[in-house]
Each structure stands twice: as structure tokens, then as C-alpha cells.
4 protein chains.
Amino acid sequence: MFFASDNWAGAHPKIAHRLTTEAGGFASAYGTSALDKKVEQTFNDIFEREVAVFFVSTGTAANSLALASVGKPGGVIFCHDSAHVFCDECGAPGFFSSAARLSPIAGKDGKIDPVSLERGIRAVPPAFIHAGQPMAVTVTQSTESGTLYSLEEIERIAGIARSHDIPLHMDGARFANALTALDVSPAEMTWKRGIDILSFGATKNGCWCAEAIVFMNPEQARQLPFIRKQSAQLFSKTRFVAAQFEAYFEDGLWLELAAHANAMADRLRAGIAASNHARAAWHTSANEVFAIIRNDASKRLRDANAQFYDWHEIPEHLHEAIAPDETLVRLVTAFATEASEVDRFIEILG
Amino acid sequence: MFFASDNWAGAHPKIAHRLTTEAGGFASAYGTSALDKKVEQTFNDIFEREVAVFFVSTGTAANSLALASVGKPGGVIFCHDSAHVFCDECGAPGFFSSAARLSPIAGKDGKIDPVSLERGIRAVPPAFIHAGQPMAVTVTQSTESGTLYSLEEIERIAGIARSHDIPLHMDGARFANALTALDVSPAEMTWKRGIDILSFGATKNGCWCAEAIVFMNPEQARQLPFIRKQSAQLFSKTRFVAAQFEAYFEDGLWLELAAHANAMADRLRAGIAASNHARAAWHTSANEVFAIIRNDASKRLRDANAQFYDWHEIPEHLHEAIAPDETLVRLVTAFATEASEVDRFIEILG
Amino acid sequence: MFFASDNWAGAHPKIAHRLTTEAGGFASAYGTSALDKKVEQTFNDIFEREVAVFFVSTGTAANSLALASVGKPGGVIFCHDSAHVFCDECGAPGFFSSAARLSPIAGKDGKIDPVSLERGIRAVPPAFIHAGQPMAVTVTQSTESGTLYSLEEIERIAGIARSHDIPLHMDGARFANALTALDVSPAEMTWKRGIDILSFGATKNGCWCAEAIVFMNPEQARQLPFIRKQSAQLFSKTRFVAAQFEAYFEDGLWLELAAHANAMADRLRAGIAASNHARAAWHTSANEVFAIIRNDASKRLRDANAQFYDWHEIPEHLHEAIAPDETLVRLVTAFATEASEVDRFIEILG
Amino acid sequence: MFFASDNWAGAHPKIAHRLTTEAGGFASAYGTSALDKKVEQTFNDIFEREVAVFFVSTGTAANSLALASVGKPGGVIFCHDSAHVFCDECGAPGFFSSAARLSPIAGKDGKIDPVSLERGIRAVPPAFIHAGQPMAVTVTQSTESGTLYSLEEIERIAGIARSHDIPLHMDGARFANALTALDVSPAEMTWKRGIDILSFGATKNGCWCAEAIVFMNPEQARQLPFIRKQSAQLFSKTRFVAAQFEAYFEDGLWLELAAHANAMADRLRAGIAASNHARAAWHTSANEVFAIIRNDASKRLRDANAQFYDWHEIPEHLHEAIAPDETLVRLVTAFATEASEVDRFIEILG
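What you see is a predicted model; the values in this text were computed from it and never measured.

Residues and elements named next belong to chain B. Burial of strand β5 (residues 168-172) is extensive: five of the five residues sit out of reach of the surface. Neither face of β5 is exposed, since Leu168, Met170 and Gly172 on one face and His169 and Asp171 on the opposite face are all buried. Inspection of the sheet shows strand β4 (residues 133-140) paired to β5 by four bridges, in the parallel sense. Of the residues in β5, the one forming a bridge with Val137 is Leu168. For the crossover from β4 across helix α7 (residues 151-163) to β5, the handedness is right-handed. Bridge count between β5 and strand β6 (residues 197-201): four bridges; the pairing is parallel. When the sheet's bridge partners are listed, His169 is paired in β6 with Ile197.

Right under this line is the structure:
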């Protein structure tokens, strides 16, 4: 019963297998092989426009280099106050962008509140050098809280960013899960609603290591080749990432895997709703569930080897809602989660 | 006929295959899985002492983070003037270590000249703040010129570094090739001769992506976990690197692959020595050959689809030795190079 | 009527004059002259212990280099959410310390709330690499809100920092004003209560340019000479700073100037308390006054050439307290503020 | 007898005095006062065009921020191998420009050899990401060796820079000395010959602390306000720098002071030429003299309290020319050097 994180799952067999079939033979390095080029074209197809794609090694790298590419001296990046870039990347987004400052913006359900965003950007007025200058807005889809921005919500954030002349980045570590949950196209969830740069994550959804930065406007990516190399993120045998992406996209495998993970989360959500020992902490979509669970049930589950994390970032409004004998926990499903494991979890939960 | 670089070869089937067998199941992420721990133990065995091991994504990352771990304000890194860290990493070693300055040291055959090194370090005297402070010496084994430091030469460099109280790093992008060519043990080629930190490269020798930083003294690695995360180099599914290393080390595969690559280079060297249209530019060991080749022969080879690079960093002493109708080229063999391809190359060379 | 900032005042005549008397003759550069050494000794006397002193060019530099000196990879600096280092230094504290992340901590009256600080530090637990590692706590005395930490409050913050094994820095841009207002000694307000590093500002209190970093434990300053030089903060003719400090400290001039500025602020406070067109926004000590002022009175004052800033960082609890026809303004007095100017301001205010 | 460095001299009385007369009264801070604006206009007049001027605290800051303003990821800065930016700034130019790599270029007499420069830039070809990308060329006028680029030499370097589409920076720590020695106008020595950005130093020539970055094309300076603030180089009371510049430029004082320093160097040169115990190491102009001096004479001088530095960066071609009982020394004259002191030095030299 593995619900600790979707990165505990290994790779999907089709994706791992592709590394075997691609292993033979020589091919030019550093992103120039035929397979690299073929996969770049697939990205164009998926996004319904010519995009610029750069493979990197981690989601943190994707976010950090994407933001670095729009860097400015004294730059300020606006993100949700529970965003991965702010809380969980050990300062990497600042490190790669000449110490850009991250300005945390509040907002319910893990989503940036537009009014707070507007206020936050206005606190860095163009003529007041001391505060720095606005540099980018970044949203996470699906969010750290397992929720989703609707297309309209993305559009609203994009409008604010555009009105201040700064780009909008999306951290898509769980891009496919969001896409499937919203049942929209990649284009609709990104550039058609104002996303300029996307961290496209595939590792959590069935790859070993496949992360890409996608620029909706290739013009804006001109410095990225140098940024990536200087950042030690240019793989020599890029084929091994391209091969994973090839298998990932083939016959819609990626959406299938994400849909499965989401369905397993739905199953969890249903089980929790019916439980007397747990309740949803808030409504989530996609493949994460946050639940308030009785400590005795939690102990029972852990004794049965269930893997999941207690969640320590407790939203203000829940401080009083969680009783002393309860704990907020996070449960994440993955492409490899089996329905029987979910059912067993729910059964033990009681 | 692929002699452009050893990173044009894919992965060895046994290594690629291991990713298939490891793909199933869940395991904890970020370097904490049983397989990660097992491979760390293998490193201890190989180096005959307890070492600290950190997987990263690229050789540039290994070098840069290794050097960053011994960073000091105003730090100066001493390296050969043709070193990869100086010429081919887009400034990454400086970028990751608060802009440490690289001081290029001359030396024949791609190897740091000890007298020049001593002079170079003395040019940064402790009491003269303006020059900065000595921070590290780094050597490459085998070198960018395809040559090897003897154990005595390593020891001499190490003595100089130690006398100035700075650590000695080894860029081992082709560590196995050097080891095999010298026929010594990993311990002998490193800590027994004064190497403190090693960039252990396996990608060029048959892996997809397997690079590690090895600290001979684990105490000195205390900040590395944070450096690695801040540098966006902490893979989530580290298992995929560990699995490659596991297969790489199993039954001495790594040494076998390196020995093969070296043997193919020997075969090339012999063919060139016997050719009327080419001659060795200098003596190399391991798996790289530098040859001065007649332009018509070069054209003939390229017309036959041979892949190799003209080499533009021409050592001073060869400026006059290369005739107008000749070119300096680099030929690299790999674990996957076949003898028949070498023979065909030599045959076309004439 | 100049109440915009204490840095609008020039230099005190005695301090400016000292630059004339020191101008003659040659002396060794880069902090090694007899005058530099003499002033360093004066710092020892003032702080009643041997301290390490480093002159830098700006308060931002003092804060940034002080924090950089305790830098760690992935470091997190805890500061008040209205702190100068967070809001007004264009990201410099992060820039100089390898992109340390600033974690803003809430607290009434511009002062870090100890409970929130403890919670904030605990959110960066030692074993959770992703969040980084706690690096320093920094307080401002007097605060950006014109308030003062009591000695007990400093001690409490220091205890929290110490319990997490991180140093405590004080931004003393208005150190003398705080000292005078509290009527305590420099030792009492710093190391006796747990301050490890101090940004000692004299520019705002009558110098042209005299800022110093003071390490209470000289051992901790070992890297500072290199940090300062690499940061382009090592003046050649350091004498010109030393001379200002010499005059500043002579016969207690510095405390006299600060006491005058504070007295002028008291006079303002009294006038505002008696006014029908303004009221104190909150209680301040030292030389800053925050007032809620009627817009017509504000216009009247500006028409009469009074200089002061509207204050846009409105504390949450005041959002409703300020009527539409009112504005929050900041008034700062300086060593050069004349009582007659204060009286005129109050008279026009009505 | 002070010949250690021109920064051992204090400030010229007229310049120091101006700080006294400017000390009174309030004025707006951060470069916005009437005096700041007036001095900016003076720079326009001096350079015969509209320039953008930014005061900073040190020459190292001027160089570093000027170079940072043209920063690129993986940027490579080309400088002479004895340049101050390379040898004497503790890595600051790299630190402020995201770790730009400095590529040292050889050249006689402290001047970049154009052929070597062209070769050096070509070693960083646009399509080869691994090497980084050319970012700037920087020359020093007068050079670290006390020599001067002729206008034609500057123009030739500028042509090379332009042909590679990178800007040309001049380190003018001794700008006035060079100007006076060449007897040309500021415009002629800079933008009319292709200089894009200038570090304009006045500290060594009679100010306490007056350094400016001058952009010949103000358009290129758009990010500098943020760079300067993030770099902790924005003085609050900029008036104190402006006042020094005002006095410096008034009635041509700056050229007068430089001419005096140069004349004192001429006097030294003549004395050394006539000496039996010393000889010129190479021909210098401006205010620096490099001499090979007999050790007994050197001892005699030091016993008589003469201040000067032995020079350890001995050009290759002099290695054999300096006898065991001789030493290479550097002698620097300043605005405050008196003829009688030079004469005494020569007399003791014998």
C-alpha cells in the first residue's frame, strides 16, 4: 500500500523496455540525434504549435531553468505560498536566477488568489528600485494541494501577469493528471490560456527520468541552451530521455496512466467519504488526497505497512478542525497503484 | 565507423536491461531505497574504504558540485589549461561555487606541470586578499589529451595541493579506461595517492546516465546533500541510476568494457602507426587517439561515413608540425566499438 | 520641513570637517592605516570586548555580507515580513549568500513574533533536505516600523536561534537611535543578549558614508576579508570611513545626534497626539513616526513643501481603521532636524 | 617617499573641502538630488554626448557591474592576462555576472595582443555551447604595466569586439593619467574609438571615493539601476560622491592632478635612466614606473622609509634579464607626490 508519493513508483514497463530497444547503436550526443528530433516534433504535435523543448534531469531543474530564462536583476517571482518552488526546492529557483526573490502569495486550496497576486505585484512598483522588479508568475497544475486551476482561473492569473508585462510559468510536475482530470487539451491548459513556459513532468507519471521545459514561444528560449549547459543539465546521451518520452506519448500511454492514477484517487476519496475514521481535509481532484484521519486508524494502517506522509503544512482554516486524536495526511496514487491496494487501505482504515 | 565520442554509444544491453528488471514495484525516493544503499556499499567495496557517494545527472554536475563542496569566497581552482572544467563546461564549475575563478595551468600531454602548479598557487598568497584564496586542484584521468597521469605523477600533484592545504579533485569521466590502462586498483589511483574527491563517470563507458561524486572522506561531504538539492541534481527515482551502477559493477563488467574500448584504441593506434596518410599527434593511452591525418584521407573517411572531430585546440609545439594539407583529429573508441569498424577505418585511411 | 528620511540629511559638520583634516598625507590602503586600526580599537571599547570590524559602503552591503558570512547551501534566513532585507534591498541578501531564501515571519509592531519564528524554523527540519537548512535569524533595531525590541525580546529571539544552532544578526541601520531610546549600552543591546553579528549604521545618523559589520566573535569573521573583496566592498582609501567614525564616536557625538533625532520625533509625536487632523498609527520610539493623517491636512503640508512619504505597507489590522479621506504616512527625524521645523509642521497640520 | 600606490594618497584639499561645504542641508537620496543631476550633466559635457552615469563604491565594483550589465549565461570575458579584473579583484567580475568566465589573453606591455584576442574569441564559437558564449572584451587604460594603448590600438581591439558582436569595456582606474599622457579628449579615448562602457576612476587621482560607470549609450544601461541596488552599491547619500566629482572636474582640476602625477613619474624615469643601480624594466607612460633595481639599493631605500612594492608578476621575457642581486619593483606617483621626494629617492638610489 504505497501512497507516499507518485515518485515511489518505478517506470512503466513499456517505458523501461524502450530503453532496451534504444540501447543499441551509436547516435550523436547532446540532443542532436534523430530520436531527439523526433520527440521534439511530437511535442509540437501535442501542443498544436511549434514549441521549444529542453530535457533536464529533475522537476526542480525544469522550474529553476524556466524561471532563470526570464531572469532580471532584482527579479521577483510570484508563487503560491505552498508552491514547490518556494517550499521544496532548497532555494534552487533563486540559485539559478541570480538570487531572484520568491514572493509567496496566499490563496485558498493551494491556488494563487488573483486579488492577492495583483496586490503583491503592485508592491514592487517599477519606479521603486529597492523592491526589485517583477519577473514572473508561476502556478502549479495540479497544485501541491491536489487541486486544479480551472481554465478560467489560469486565464485570470495570466491576465494579471500580462498587464504587468511578466511571463506566466506553469509547474507541471503532474501535468498529465491535471489534463486528464480537467479533460482538456495541452494547448487549452497552457498557451491558449496564457501560459508562456511549462515544466512538463513525466517522471511522476511512469518514466524513470523525463522532465522537459517547454517554451510556447521558441523565440524566448534563445538563451536556454547556454543556461542549461552552465547549469550542468545537458545530458550527453539525451536519447535515454527521448526514448522514455517516445514510449510515454505513444498511443496516448501518458493520458492512460494519468487517468488510472486519478481513478485510484477517486476510489480512495470514495472510501474515505464512507469511512467513520477519516474525512477529506478538502476537495481534491487529480491523484492526491488529503485526509484527516484518526490516529488509531493511522497506526493500524502503518502497522499494516501502508506508506503515506503526515502533512505538516496545515492550512490556517484547519488549525481548529483537526482534533488532538487526528492527523492530516497526504495520500498519492500513481500509474502503478492497484485497486486492490486501495481497497485494502480502505478496509483497514475502517 | 563512430569515433566522434564515447558518448555516442548507447548503453550496454546488460545495463539497459537492468532498468527493465528494476522497473516494477514501489521504492522510497531520493536515494533512500534498498537498491541505492546496496550500490553505495558496492562503492565502499570498490574503493576499499567507506566513501560518500552522490549520484548526479552529468559529468559537468559531478565536477561542479565536487568543487562547490570545497568552495571559499574568492576561491581559485587550479586545472590544466585544456581541462574539461575550464574549456567545455560553459562556466558551470564557477557557477556552482560562487564564481570561483579557474586558473589554467600549462603542462605537456594534457597534464598539469607540477612546477607551473606550484608557481600558480604561489601567485595567490594567503595574505593577499585581492587575488582570492586557493581552493582546489583538479586533474583529469584519463586526460582530455588521451594521456594518463602515472601514480607517481598524481602523488606529486597531491603533495603540492596538500602543502598549500587545498584538496585534490579528479575528473574521472573516463575513470575506468584509465584504471584499465594503468592496471591499478581504484584505491591506488585515488586516495592512496592523495585524491580527495572523485567525479566517477560511467556514462561514457556503457551507462545511459550514471555519474557519481565520491568523497574519500565522508566527513567532507556533509554539505553535499544540500548542495545537490539546491543545484537541482537530486533525482527522485535514484533507483534508475543505482540500477545502472549495479549492472555496471557486476562481475567486473565495467573493467571489461573499458578494456575493450582501450583495445580498440590500441588497434587504431597500430593502424595509424602503419599508415602512410596519418601519424600519431602524440602518444596516448586509454581510449582516445589524436592523429595528424592527410586531408584527402580525411575526406575519404568522411565520405565513407566515418564520424570523428577535427581538433582545434592544437598544442603550441605542433603548430608547425602540421602541414597545410593535414589536420589534427580526435578518434575516440567506446565499449561498443567493433574491431571490424576499426579495421575498415584503417583500410580506408590507407 | 524634511521628514522623508534620515538619509536626506547631509553629514554633521564635525564629521565632514574631519575628512578635511585627514585628507593630507599618505597612508597605507585597504584598511591597514593607523587611523583604521585606531577606529577598530574604538569599536572594541564601545562594545566592551574584542570585536572584528569591517567597513562597507552601504547598509544593504552590511546586511548582505554579514548574512553571507554564515551562508550554507540551501540556507534559509528568517526575518520580519517588513524587514529591510526582505522588502527594500532588491534581493541583495540572497544575491550575496548563494541565493539563500528569506522566510518572512509575521509579528506585531514590526517585530518578529517568537512563536511564529519557532514555527517557521521548524518548517525547515534538519532531515528534510528539500526545504533547505536554517541559516540565520535577523532582527532590525530600531525596526522598520519605528518600534524597539526590548532587551528581553532580543534575548528571547536569540534563545530560539541558539536552540536551532543558527546565529542572530541585527540590522542596526538606526542603532544609535535605538540605543538612546532604550538608554542601554551597545554591549547590552547586542552580545549580552545574544546578537552575533551587527550591521552598525552611522550614515543615517550624521555620516556621509560609514557602515560597518561587527562580529562579536572575531573567529566567525575569518572569511569576511575575502567575502568583502569579492563583493567589491573593499574601499582602497578606507581612511575616509575611519575618519568619519572617529569624529562620530568622539565625545559621544553619535549618541548626542541620535538623542536629538529622537527628541525631535517625540516633539512630532506630541504634536500629532494633540492634533485634530492626525493620530498616531501605532506607538513608536526612536526617530520614526507613523501617523494617519487627513488628506486635506496632508495636501496642506505638501503645499507648504513638507517632505514625507505615504506609507503603502499598511498593517492588516489598520486596513479598516484608515478612512477614505485619510492616509498612512511616515515621518522621520534626523540629527539635523530643527525644532522650529517640527513646530511649523505641527502648526500647518492643525 | 610614498611610491607604493596612488591610493595611499589622501584626497586633494579642494575635494575634501567640498564635502564640508556640501554637508549642510537636506537633499533627496539615492542619486536624485540637484547636485547628483548637475554632475551627471558634467559627465555629458566631458564626453561630448549624453551618457548614463552610475556612482559605485570601488573600482572593482565599477568593473564588475559594468561587465554584469552585458552578462549572458556561460559568458566569457576577454581580458589581458595581467588585468586587474583577472588578477586583483578576488573573482568579483565573475561573481557579479553569474560566474562569467574570464579568458586571459596574452600581449606585450600589458596590452591585449589583437591576434591572440581574435584567436581567443574564435575558441568560443557560437554553435559550440560547451565553451559558453563571448560576452565582452575589457581593456585597461592606462594598463597594469603602466603602459598606454594608442587610439589606434583601442580602435583595433574595438573592431575585433564589434565583429563578434560583443561590447568593449575600459577599466579607467587611471583614466585621467592616460588621458593626460596621450593628450587627447575623453571622447577620443572612448566612444570615438569604440569603447561602449567605461569604469571612470577618480579615487586614485585625488578623491576619497569617487568611481563611476559610464555608458556611452544610455539605452544599454537600462538594467543597471537594479544591478547596482542588488549589488549593494547604491549609496543613500550619493551627494558625497557627486560633491567630490564636482570639485574634481571644476576648472580642470582632475587633468591638472593627473598631469602632476605623470610629471613626477617622468622625473622618476629620468632619475632611474641616469642611475647605476637601477634601470627601467620596460617603457611606461602615465604615473607608474617599473624598474629593475639592485637589491642593495632597494635595501638602502627601504631603510630610508621609501614605500614601494616588489613586483612578482615578472613577464616571461624578463625572467633571465633580472640578475640574482636585482629585483623588479613598481613605483607609483600620485597627485600628492612632491618633486623633492622623488629627488630624494633618486639620490638614495644612487
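So, on to the interface of chain A and chain C. Taken together, the contacts link 18 residues of chain A with 18 residues of chain C. When chain A packs against chain C, the two sides together hide about 1400 Å² of surface, and 62% of this comes from carbon and sulfur. Among the residues of chain A in contact with chain C, A:Phe86, A:Cys90 and A:Arg101 are the three that bury the most area, contributing 35% of the side total. Along the contact surface separating chain A from chain C lie zero salt bridges. On the surface where chain A and chain C come into contact, there are six residue pairs in polar contact (both at pLDDT 80 or more). The set of elements that each furnish at least two residues to the side of chain A that touches chain C consists of α4 (84-87), α5 (92-95) and β3 (101-105) of chain A. When the residues that make up the side of chain A that touches chain C are grouped by side-chain class, the tally is nine nonpolar, six polar and three charged.

After a rotation of 180 degrees and a shift along the axis of 0.0 Å, chain A superposes on chain B with an RMSD of 0.0 Å. In short, the pair behaves as if placed about a two-fold rotation axis. Among all residues of chain A, the one whose C-alpha sits closest to the rotation axis is A:Ser57, at a distance of 3.2 Å.

A word on the pattern of salt bridges. Under the defined criterion, the tally for this structure stands at 76 salt bridges over all chains. One salt bridge connects C:Glu153 with C:Lys111, and the closest N-O pair in it is separated by 3.1 Å. Of the two residues, C:Glu153 sits in helix α7 (residues 151-163) while C:Lys111 sits in the loop between β3 (101-105) and α6 (114-122), which places them 42 residues apart along the sequence. On the basis of relative accessibility, which here comes to 15%, the residue C:Lys111 falls in the buried class. Across the salt bridge formed by C:Asp343 and C:Arg267, the nearest N and O atoms sit 2.7 Å from each other. Of this pair, C:Asp343 sits in helix α14 (residues 339-349) while C:Arg267 sits in helix α12 (residues 253-274); the two residues are 76 residues apart in sequence, bridging distant segments of the chain. One network of salt bridges, with partners in common, ties together A:Asp6, A:Arg174, A:Glu288 and A:Arg330.

On to empty space enclosed by the protein. Residues and elements named next belong to chain B. One pass over the structure, following the stated rule, counts eight cavities of 30 Å³ or more. Here the largest cavity is characterised by a volume of approximately 320 Å³. Around the largest cavity, the lining comprises 30 residues; the ones closest to its centre are Thr58, Gly59, Thr60, Lys204 and Glu211. Elements with a minimum of two residues in the lining of the largest cavity: α3 (59-68), β5 and β6. Of the residues belonging to the lining of the largest cavity, the class tally is eight nonpolar, 14 polar and eight charged.

A separate point is the pairing of strand β9 (residues 288-294) of chain B. All names here are of chain B. Here β9 lies mainly inside the structure; six of its seven residues are buried. Across three bridges, strand β8 (residues 278-280) lies against β9 in antiparallel orientation. Bridging across to β9, Ala280 finds its partner in Ala291. Taken together, the seven bridges between β9 and strand β11 (residues 326-332) define a ladder with antiparallel strand orientation. Looking at β11, one finds that Val289 is bridged to Leu331.

The two copies are related by a screw operation: chain A maps onto chain C through 180 degrees of rotation and 0.0 Å of translation along the axis, at an RMSD of 0.0 Å. Comparing interface residues between copies, 100% of those in chain A also sit at the interface in chain C, which points to an isologous, same-surface contact.

All names here are of chain D. Spatial ordering of the open sheet is given by β8-β9-β11-β10, a layout of four strands whose pairing is antiparallel. Strands with a single pairing partner mark the edges of an open sheet, and in this sheet they are β8 (278-280) and β10 (309-310). Packing of helix α12 (residues 253-274) onto the sheet brings it into contact with β8, β9 (288-294) and β11 (326-332), and relative to β9 it is tilted by some 25 degrees.

A word on the domain arrangement of chain A. All names here are of chain A. With domains assigned, chain A is organised as domain 1 (13-251) and domain 2 (253-349). Measuring from the centre of the C-alpha atoms in domain 1 to the corresponding centre in domain 2 gives 27 Å. Contact residues are listed per partner, giving 28 residues for domain 1 and 21 residues for domain 2. Across the domain 1 to domain 2 interface the summed buried area is about 1800 Å²; carbon plus sulfur atoms make up 57%. Linking domain 1 with domain 2 are one salt bridge, by the criterion used here. Note that Glu288 is salt-bridged to Arg174, the shortest N-O span being 3.5 Å. Between domain 1 and domain 2 we count nine residue pairs in polar contact (both at pLDDT 80 or more) in total. When residues of the side of domain 1 that touches domain 2 are traced back to their parent elements, those giving at least two are α1 (13-21), α8 (175-182) and α11 (239-249). For the side of domain 1 that touches domain 2, the element with the most residues is α8, which contributes six residues.

About the cut-offs
- All residue numbers refer to position in the chain's written sequence, counted from 1.
- Numbering of ligands from 1 and lettering of chains from A proceed in the order in which they are written.
- Only residues with pLDDT of 70 or above have their local features reported here, since the model is predicted, and side-chain atom pairs are shown and tallied only from 80 upward, although totals for entire chains, interfaces and linings are computed over all residues.
- Hydrogens and waters are ignored; side-chain quantities use all the structure's heavy atoms.
- Think of it in three bands: with a 1.4 Å probe and only protein chains considered, a residue is buried below 20% of the maximum accessible area for its type, exposed above 50%, and partly exposed in between.
- Secondary structure elements follow DSSP: runs of H or I no shorter than four residues count as helices, runs of E no shorter than two count as strands, and numbering proceeds from the N terminus.
- When DSSP finds two or more bridges between two strands, those strands count as paired.
- Viewed with both strands pointing away, a crossover whose connecting path from the first strand over the helix to the second turns clockwise is right-handed.
- Only heavy atoms enter the contact rule, under which two residues are in contact if any of them lie within 4.5 Å.
- We define buried area as the total accessible area lost by two parts upon association, computed with a 1.4 Å probe and summed across both.
- Counted as salt bridges are all cases of a side-chain nitrogen of Lys or Arg within 4 Å of a carboxyl oxygen of Asp or Glu.
- Any pair of N or O atoms that falls within 3.5 Å is considered a polar contact. Within protein, one atom must be able to donate a hydrogen and the other to accept it, and sequence-neighbouring residues count only if both atoms are side-chain atoms.
- Gly is put with the polar residues, along with every residue not named as nonpolar or charged; the nonpolar set is Ala, Val, Leu, Ile, Met, Phe, Trp, Tyr, Cys and Pro, and the charged set is Asp, Glu, Lys and Arg.
- Here the copies are matched by least squares. The fit uses the C-alpha atoms of residues with pLDDT of at least 70 in both.
- Points on a 1 Å grid over protein atoms alone make up a cavity when a 1.4 Å probe fits among them but cannot get out, and a pocket when they form an open set with protein on both sides within 12 Å along at least five of seven lines; lining residues each have an atom within 4 Å of a point.
- Grid points are joined across faces, edges and corners, and a volume is the space filled by probe spheres set on the points.
- Axes here mean lines fitted to C-alpha atoms, for a helix over just the part in contact, with angles spanning 0 to 180 degrees between N-to-C directions.
- Residue ranges labeled as domains rest on an automatic or database domain assignment.

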